[in-house]
Amino acid sequence: MNFLRGVMGGQSAGPQHTEAETIQKLCDRVASSTLLDDRRNAVRALKSLSKKYRLEVGIQAMEHLIHVLQTDRSDSEIIGYALDTLYNIISNDEEEEVEENSTRQSEDLGSQFTEIFIKQQENVTLLLSLLEEFDFHVRWPGVKLLTSLLKQLGPQVQQIILVSPMGVSRLMDLLADSREVIRNDGVLLLQALTRSNGAIQKIVAFENAFERLLDIISEEGNSDGGIVVEDCLILLQNLLKNNNSNQNFFKEGSYIQRMKPWFEVGDENSGWSAQKVTNLHLMLQLVRVLVSPTNPPGATSSCQKAMFQCGLLQQLCTILMATGVPADILTETINTVSEVIRGYQVNQDYFASVNAPSNPPRPAIVVLLMSMVNERQPFVLRCAVLYCFQCFLYKNQKGQGEIVSTLLPSTIDATGNSVSAGQLLCGGLFSTDSLSNWCAAVALAHALQENATQKEQLLRVQLATSIGNPPVSLLQQCTNILSQGSKIQTRVGLLMLLCTWLSNCPIAVTHFLHNSANVPFLTGQIAENLGEEEQLVQGLCALLLGISIYFNDNSLESYKKEKLKQLIEKRIGKENFIEKLGFVSKHELYSRASQKPQPNFPSPEYMIFDHEFTKLVKELEGVITKAIYKSSEEDKKEEEVKKTLEQHDNIVTHYKNMIREQDLQLEELKQQVSTLKCQNEQLQTAVTQQVSQIQQHKDQYNLLKIQLGKDNQHQGSYSEGAQMNGVQPEEIGRLREEIEELKNNQELLQSKLTEKDSVIENLKSSQTSGTNEQSSAIVSARDSEQVAELKQELATLKSQLNSQSVEITKLQTEKQELLQKTEVFAKSVEVQGETETVIATKTTDVEGRLSALLQETKELKNEIKALSEERTAIKEQLDSSNSTIAILQTEKDKLELEITDSKKEQDDLLVLLADQDQKILSLKNKLKDLGHPVEEEDELESGDQEDEDDESEDPGKDLDHI
């Protein structure tokens, strides 16, 4: 605390000794008293002394006051006194006017005490938690204290709040407080909190700040509201300015639509209070924040679209054309409309259609241009109109064409009843007011920006200078005025217009060089050694001459590129020319104009450069320098390259046109395909309808057949069985015969299967007697089991065959061994006849056994092959039988289903007839009751009909047996 003691020592008039002792005693009471009342009274006394003796109370009591906030939270009164005391110590607000030195010293004290307070971050966290208290005596001083801390050391306090859990959310709750004083001070607190901190701005925005602030503005009366509306608008600017995320959130939340009521001010000559002007000014600035040229293009265009769709642009144009609007509001409205329409075609088109409420109506553009070229209008208003005109023409070739067309001979109004935009620009271009000359030249240059077509069209403009003299082209008139030595501002404006006009337009360059006086004038201006004021004009003349060289198509023999360069080298010198060319970009006002599109100048003499022209200078300065130093051979090569590129461009253009035509053809074919698809769908629908109609006709036909059969019952014939659902009795009989035949075929196949089974059993029995290893088997009735048994028997035979093969192999081995032994024995010993006989006998027996086994094996193989073939044939027969049975069963089911349906239909018809007879009887009875005579024949017929109906039930019963 040495620095605080130094401040105390530096004070000329310090407190008396008794006051310092009093503060010390009060601090001791706060620290040592056990009774809450004593501590409360001591803190209240410190509060009363804190304003007058700020330094002493701050040094001695701050620590004790923070301790009170930590320990005595249950008592809202002492907490309120402590917060008020801390606010008086830290805040620099002073009611009485003081000297400058005293004010500076007070600010130093505030920042020093703030630094002490926030050194312990827990103190700020404690203060945030106290803001949750609803008690007015705690919450309000807490809001004021935190606001003061943010004003003193904003970035440090912001960082502490940012890392504090739920810190920002607690502060956002202040906007929902029902007590206006806390809500309003909460807005001021959030203003200080969100200043220059993007992270906190995003958190506040996502805590529903936009909704709450817009509600407050609406409740307070929009632009007619008080200072609370102003504070809310400043907070909204803090949240949105240079914060693309919040701007996008504001647009997507449909909050732009809620801005429209702000500008419903009406056409009033009164009611423009100072607060209303301030509010509306901030509202217009807020709109400009959303559509600023420095924002990303996509975000700006989406906001411009929303402003047009919700009617905000229309509302702004209404203010623009209203009467009685204050000058500063009108100027800011023009600037706002400028940025709302800048570069967005839909808004630009709408602005072109706006008319002023005059008689006769005039376009708003014409009315604004009249203000721009009127030297009696305020300077800021004329700058705003120029900016509006520039924004209207920015990337708007349609608008550029409309402006230039008002200068062409075919569109000029011969009656002179109405003045056009082009006429106003020409009038301003050649007026005696240098500011009007500059504004008109820049405005006309924007009508030619990046539009070669309009540059060529403007060459057709002819001006009548005086009676009796021939008309002069606009280009020639500009050079004439330039050579007359007018004011610098006028010459600079005309040179900027000519440079913009001639750049990227060889035809305009040819027209300019065609006047033999132009080149000598430019070289003379560049070659002279003039003062600093004329250096800018020299630089612009060098730029214009360089453009005449770089964009020269060599169509004029006397002013070809090479000749112009030789002229520069002889009369000026290349180095001197390049040095003069550099005067433009090195001018002090050049960098200022290059920063922002809006022409914002403090006074008319600073109005020298246009923003778009600075881009042109930056683009052309380097290429002109290279062109001056190029040799003729390099120029020829460059021209050849240009021709090649032009040819290439022509080829590319040709193919682009072909692709465009093919795209059109493709579109036509796609449309034809879609048309054919639609026709196909319609035809499909028609076919479906026709099918349903055919089905209905079939049903009606069948119904008529049945009714016809019923009518035949009057003759006593049994016709119900003759036709049932379209099935004739001959067909039923034929189907019955086919069923009988199929049954007989099934029985024959079954008998054949039985015979085959017996054959298989015989084969098995014979095989068993031949091998002596067969076991008895029981043949199943089912075919699947027979096949399985045959497979098992084949496997057994194969295993027997394998075992016999092994036995044969063993016997062959024994035979070989015996033969070897016989040969050895015959060589070593004389063998007797009896022994030889025995050996020969054994050999013969072995060979016989071998041949018998081989024969048996061969027979077994033949039997297995025969069994396999037999099994395959049986299986095929079985499959065919099963398929035939399945087909017969299906047909049988169909017949039964048809018979069932016929029975149902017959029953339904009988019911219908019975109902009809009943109705006829009831009608006859009614006729009798009414006294109408009924013939007996009718009664007999009705009786016969009833008998026939009774009899008709029996054929239905008979049908059950079919």
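Just above sits the structure.
The structure presented is a predicted model; accordingly, all values stated were derived computationally and were not measured.

Draft legend 1. Spatial organisation of the overall build of the chain. Counting its regular elements, the chain contains 41 helices and four strands. Within the chain, the proportion of its 962 residues that are buried is 41%.

Draft legend 2. Quick look at the side chain of Thr479. The topology assignment puts Thr479 in helix H27 (residues 474-483). In this structure Thr479 touches Leu498, Phe512, Asn515 and Asn518, once residues within four positions along its chain are discounted.

Draft legend 3. Representation of the packing of aromatic side chains. As enumerated under the stated definition, the model contains 12 aromatic pairs in all. Here the aromatic rings of Phe250 and Tyr255 are separated by 5.5 Å at their centres, their planes lie at 40°, and the arrangement is tilted. The buried category is assigned to Phe250, whose relative accessible area is 0%. Classification of Tyr255 as buried rests on a relative accessible area of 8%. Look at Phe308 and Tyr350: their rings are 5.8 Å apart centre to centre, the planes differ by 65°, and that puts the pair in the edge-to-face class.

Draft legend 4. Highlighting the packing of helix H4 (residues 54-71) against helix H5 (residues 76-90). Interaxial distance between H4 and H5 falls to 9 Å at its minimum, and their mutual angle equals 145°. For the crossing formed where H4 meets H5, the hand is left-handed. Counted together, Arg54, Val57, Gly58, Met62, Leu65, Val68 and Leu69 of H4 and Ile78, Ile79, Ala82, Leu83, Thr85, Leu86, Asn88, Ile89 and Ile90 of H5 form the full contact between these two elements. When grouped by side-chain class, the residues that make up the contact of H4 with H5 number 12 nonpolar, three polar and one charged.

Draft legend 5. Spotlight on unusual backbone geometry. Here the amide bond leading from Asn359 into Pro360 is cis, since omega sits at -5°, within 30 degrees of zero. Residue position: Pro360 is located in the loop between strand E1 (355-356) and strand E2 (362-363). The backbone of Lys395 shows a phi angle near 55°, a positive value even though the residue is not glycine.

Draft legend 6. Highlighting empty space enclosed by the protein. Under the definition given, this model contains 10 cavities of 30 Å³ or more. Looking at the largest cavity, its volume works out to about 70 Å³. Along its surface, the largest cavity is lined by Arg342, Tyr387, Gln390, Cys391, Tyr394, His446, Pro597, Asp610, His611 and Glu612. Looking at the lining of the largest cavity, the elements with two or more residues in it are helix H22 (379-393) and helix H35 (611-629). The element that contributes the greatest number of residues to the lining of the largest cavity is H22, accounting for three residues.

Draft legend 7. A look at the pattern of salt bridges. Throughout the structure, instances matching the rule amount to 21 salt bridges. Notably, a salt bridge pairs Glu219 with Arg183, separated by 3.9 Å at the nearest N-O pair. In this pair, Glu219 is assigned in helix H13 (residues 209-219) and Arg183 in helix H11 (residues 180-194), connecting sequence segments 36 residues apart. Take Glu219: its relative accessible area is 61%, and that puts it in the exposed class. Taking relative accessible area as the criterion, Arg183 reaches 8% and is therefore assigned buried. In this structure, a network of salt bridges that share partners links the residues Asp37, Arg40, Asp75 and Glu77.

Draft legend 8. Quick peek at helix H15 (residues 244-252). When H15 is considered as a whole, its buried residues turn out to be Asn246, Gln247 and Phe250. The buried residues of H15 occupy one face: seen down the axis, they fall within an arc of 105°. Elements that come into contact with the buried residues of H15 comprise helix H12 (198-206), H13, helix H14 (227-240) and helix H16 (274-290). Ser254 sits one or two positions beyond H15 and adopts a positive phi of about 60°.

Draft legend 9. Inspection of the environment of Ala199 at higher detail. Relative to the helices and strands, Ala199 resides in helix H12. Sequence separation between Ala199 and Gln159 is 40 residues, and the spatial gap between their C-alpha atoms is 9.8 Å.

Draft legend 10. Structural detail: the packing of H12 against H15. Following both chains from N to C, one finds H12 and H15 inclined at 15°, their axes separated by 9 Å at the closest point. By the angle between their axes, H12 is roughly parallel relative to H15. With respect to the hand of their crossing, H12 and H15 are arranged in left-handed fashion. Across the interface between the two elements, Gln201, Lys202, Ala205 and Phe206 from H12 touch Ser245, Asn246 and Phe249 from H15.

Draft legend 11. Examining helix H20 (residues 345-353) more closely. For H20, every residue scored as buried is listed here: Asn347, Gln348 and Phe351. Projection of H20 onto a plane perpendicular to its axis shows the buried side chains occupying an angular sector of 100°, all on one side. Taken together, the buried residues of H20 touch helix H17 (297-309), helix H18 (312-321), helix H19 (327-341), helix H21 (364-372) and H22.

Draft legend 12. A look at a nonpolar patch on the surface. Taken together, the side chains of Ile651, Tyr655, Met658 and Ile659 present a nonpolar region at the surface, about 380 Å² in accessible area. Assessed through its relative accessible area of 48%, Tyr655 is described here as partly exposed.

Draft legend 13. How the structure looks around the side chain of Glu534. Its place among the elements puts Glu534 in helix H31 (residues 532-550). Those residues in contact with Glu534 that sit more than four places away from it in its chain are Ile488 and Arg491.

What counts as what
Residues numbered from 1 in each chain as written. Predicted model: local features only at pLDDT ≥ 70, side-chain atom pairs only at ≥ 80, totals over all residues. Heavy atoms only, no water. Helix = DSSP H or I, 4+ residues; strand = E, 2+ residues; numbered from the N terminus. Buried < 20%, exposed > 50% of the residue type's maximum accessible area, 1.4 Å probe, protein only. Contact = heavy atoms within 4.5 Å. Phe/Tyr/Trp six-rings, centres within 6.5 Å; stacked < 30°, edge-to-face > 60°. Axes fitted to C-alpha atoms, helices over the stretch in contact; angles between N-to-C directions. Left-handed = near helix turned anticlockwise from the far one by under 90°. Nonpolar A, V, L, I, M, F, W, Y, C, P; charged D, E, K, R; others polar. 1 Å grid on protein atoms, 1.4 Å probe; cavity = no way out; pocket = protein on both sides within 12 Å on 5 of 7 lines; lining within 4 Å. Points joined across faces, edges and corners; volume = space filled by probe spheres on them. Salt bridge = Lys/Arg side-chain N within 4 Å of Asp/Glu carboxyl O. Arc of directions from axis to C-beta. Parallel < 35°, antiparallel > 145°, perpendicular 65-115°, else oblique. Patch = residues over 30% accessible without salt bridge, like charges linked within 9 Å, V, L, I, M, F, W, Y side chains within 5 Å. Areas by Shrake-Rupley, 256 points an atom, 1.4 Å probe, with all protein chains shown as cover.

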